[in-house]
Amino acid sequence: MAYTTRKSLLRKVREGDEIGWREFYCTYRPLILRRGMDFKLRPQELDDLLQRVMEEFFQKELLAVKFDIDNIPPELTFRYDNGRGRFRDFLRRVVTNHACKILRARRDQRPLDGDSPLPDPEAGEDARWEQEWRCHLLNEALRELRNQVAPVTFQAFEMSSLKEHGARETAAFLGISPAAVYTARSRCLARLRKIVKELEVRP
Amino acid sequence: MKHYTKAELELYRHGEMGVLGRLQCSRHLRECPTCARRMKELGDDDALVGELRESLRFYRDLPAAEPRRSASTRHRTS
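Residues numbered from 1 in each chain as written. Chains lettered and ligands numbered in written order. Predicted model: local features only at pLDDT ≥ 70, side-chain atom pairs only at ≥ 80, totals over all residues.

Side note on the overall build of chain A
Under the convention used in this document: Counting from the N terminus, the helices are DSSP H or I runs at least four residues long and the strands are E runs at least two residues long. The contact criterion used here is simple: two residues whose C-beta atoms, placed from the backbone, lie within 7 Å are in contact.
Check the secondary structure of chain A and you find 8 helices and 2 strands. Sequence separation of 24 or more characterises 66% of the internal contacts of chain A that already satisfy a separation of 6 or more.

Put into structure tokens, the structure is as follows:
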């Protein structure tokens with residue numbers, strides 16, 4: 001039985017759908033911040049990085065109007081052109097480029113304040129980015145899984161496996177048998193693998 | 001030959017089967033490649049769960065504050 005109500009952002013990217021500002025922001029904010037933290041950006045710089053990346057994706061519309069960044073109209077959207085290559089690579093380049101610009105500006109403003117060399121946006125950090133992307137992918141897959149299985153199945157899986165409460169405790173809490181908890185876990189992991197595989201196809 | 005489900009094998013490996021059931025399962029696992037493979041798959045499941053927990057932790061400690069400044073008035077540093 002399918003409970004799907006919401007298409008994940010990665011699916012939208014792949015299928016060339018319109019992507020809303022808020023959805024993009026909520027989905028990619030953690031990944032962008034993590035990447036910024038890899039470059040040891042300070043809190044204000046992380047904030048700046050986030051906005052720069054958002055502007056890169058929604059630039060035309062953002063520059064045309066004046067409003068608070070938290071009150072972006074829902075009709076503000078973008079469509080990813082798959083001709084640009086893999087979305088994950090494109091996003092990595094955008095985020096890394098802006099992180100480097102911020103670091104360069106910091107160095108220019110305070111040349112004596114730590115003189116570490118700037119990272120090369122095209123090299124080096126790929127393995128780390130792949131790991132960060134994998135975490136992002138799994139988080140997305142989990143969100144999608146929640147919509148695809150019965151609530152009690154997800155709850156049994158989440159409580160026993162992700163929150164480590166154990167099968168007995170979970171079973172007692174949900175009023176089901178421990179075997180049913182394990183069945184839920186097995187079902188969720190099988191479905192999750194399928195979702196991850198689907199999400200990995202292109203973006 | 002009747003095969004064990006993953007849920008039953010979970011009960012076995014977590015010591016949640018009765019004594020008789022445990023003995024039967026143990027003997028069956030020695031003789032049945034299908035169930036032995038299924039048992040091994042549970043190890044793969046554990047690895048995936050570990051990865052999922054790590055992914056959740058990965059996002060947990062991020063700065064909570066969201067940007068508040070106007071996008072159009074932000075001071076550009078480049």
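Description of the overall build of chain B
Note the cut-off: Comment: burial labels come from other C-beta atoms within 10 Å of the residue's own C-beta, placed from the backbone, where a count of 20 or more is buried, 12 or fewer is exposed, and between is partly exposed.
Within chain B, the regular secondary structure consists of 3 helices and 0 strands. Ordered by position in the sequence, the α and β elements of chain B form the string α-α-α. Looking at chain B residue by residue over its 78 residues, the buried ones come to 15%.

Regarding unusual backbone geometry
Residue and element names in this part refer to chain A. Even without glycine at this site, Lys40 takes up a positive phi of about 60°. We note that Glu164 has phi near 55°; this positive angle belongs to a residue other than glycine. Along the chain, Glu164 turns up in the loop between α6 (151-162) and α7 (167-174).

A word on the confidence of the model for chain B
Residue and element names in this part refer to chain B. Definition in use: Across the chain, each position has a pLDDT score giving the predictor's confidence in that residue, from 0 to 100.
Per-residue pLDDT for chain B averages 83, and the proportion of residues at 70 or more is 81%. Confidence, expressed as mean pLDDT per element, reaches its minimum in chain B at helix α3 (residues 33-60) with 93 and its maximum at helix α2 (residues 19-31) with 96. As scored by the predictor, the complex reaches a pTM of 0.79 and an ipTM of 0.77.

A look at helix α2 (residues 21-38) of chain A
Residue and element names in this part refer to chain A. What counts here: Expected helix span is computed as 1.5 Å times (number of residues minus one). Note on bend: the value at a residue is the angle between axes fitted to the seven residues ending there and to the seven starting there.
End to end, α2 covers 25 Å across 18 residues, agreeing with the expected 26 Å (1.5 Å per residue, within 8%). By the largest-angle criterion, Tyr28 marks the main kink of α2, which is about 50°, and a proline, Pro30, follows within four residues. Among all positions in α2, only Trp21, Phe24, Tyr25, Leu31, Ile32, Leu33, Arg34, Arg35 and Gly36 are buried. Backbone geometry just after α2 places Lys40 at a positive phi near 60°.

Considerations on the environment of A:Asn139
Within the element layout of this structure, A:Asn139 appears in helix α5 (residues 126-148). On a C-alpha basis, the gap between A:Asn139 and A:Gln109 in space is 38 Å, while along the polypeptide they are 30 residues apart. With sequence-adjacent residues up to four places away left out, A:Asn139 is seen in contact with B:Ser55 and B:Tyr59.

What to know about the environment of A:Ala171
All names here are of chain A. With respect to the helices, strands and loops of the structure, Ala171 is situated in helix α7. Taking C-alpha positions, Ala171 is 50 Å from Ile102, a pair spaced 69 residues apart along the chain. The residues contacting Ala171, other than those within four sequence positions of it, are Ile176, Ser177, Pro178, Ala180 and Val181.

Considering the packing of α6(A) against helix α8 (residues 178-200) of chain A
Residue and element names in this part refer to chain A. Cut-off, in case you're wondering: Axes here mean lines fitted to C-alpha atoms, for a helix over just the part in contact, with angles spanning 0 to 180 degrees between N-to-C directions. The labels follow the angle: roughly parallel below 35 degrees, roughly antiparallel above 145, roughly perpendicular from 65 to 115, and oblique for the rest. Classification used: nonpolar for Ala, Val, Leu, Ile, Met, Phe, Trp, Tyr, Cys and Pro, charged for Asp, Glu, Lys and Arg, polar for all others including Gly.
Contact geometry of α6 with α8 gives a least axis separation of 8 Å together with a crossing angle of 95°. The pairing of α6 with α8 is recorded here as roughly perpendicular in orientation. Residues Thr153, Phe154, Ala156, Phe157, Ser160 and Ser161 of α6 form the contact with α8, whose participating residues are Ala180, Val181, Ala184, Arg185, Arg187 and Cys188. Among the residues forming the contact of α6 with α8, the class breakdown is 7 nonpolar, 3 polar and 2 charged.

So, the packing of α6(A) against α7(A)
Residue and element names in this part refer to chain A. How we decide: Left-handed is the label given to a crossing in which the near helix is rotated counterclockwise from the far helix by less than a right angle, and right-handed is the label when the rotation is clockwise.
Close contact between α6 and α7 brings their axes to 9 Å; oriented N to C, the two are set at 145°. For α6 against α7, the interelement crossing comes out right-handed. Within the contact between the two elements, α6 uses Val152, Gln155, Ala156, Met159 and Ser160 and α7 uses Ala167, Thr170, Phe173 and Leu174.

A closer look at α2(B)
Here α2(B) spans 19 Å end to end across 13 residues, near enough to the 18 Å set by a 1.5 Å rise per residue. Counted residue by residue, α2(B) has 1 buried out of 13 residues, so it is predominantly exposed.

Here's the deal with the confidence of the model for chain A
Detailed reading of predicted coordinates is not advised where the pLDDT is low. All names here are of chain A. Predicted confidence across chain A gives a mean pLDDT of 82, with 79% of residues reaching 70 or more. At the level of individual helices and strands, chain A shows its lowest average pLDDT in helix α1 (residues 9-15), which scores 76, and its highest in α6, which scores 96. The low-confidence segment residues 1-5, where pLDDT is below 50, has 7 contacts with residues more than four positions distant or belonging to other chains.

A few points about the environment of A:His136
Residue and element names in this part refer to chain A. Turning to its location among the elements, His136 is positioned in helix α5. Taking the number of C-beta atoms within 10 Å as the measure of exposure, His136 has 22 and is therefore buried. Sequence separation between His136 and Phe39 is 97 residues, and the spatial gap between their C-alpha atoms is 18 Å.

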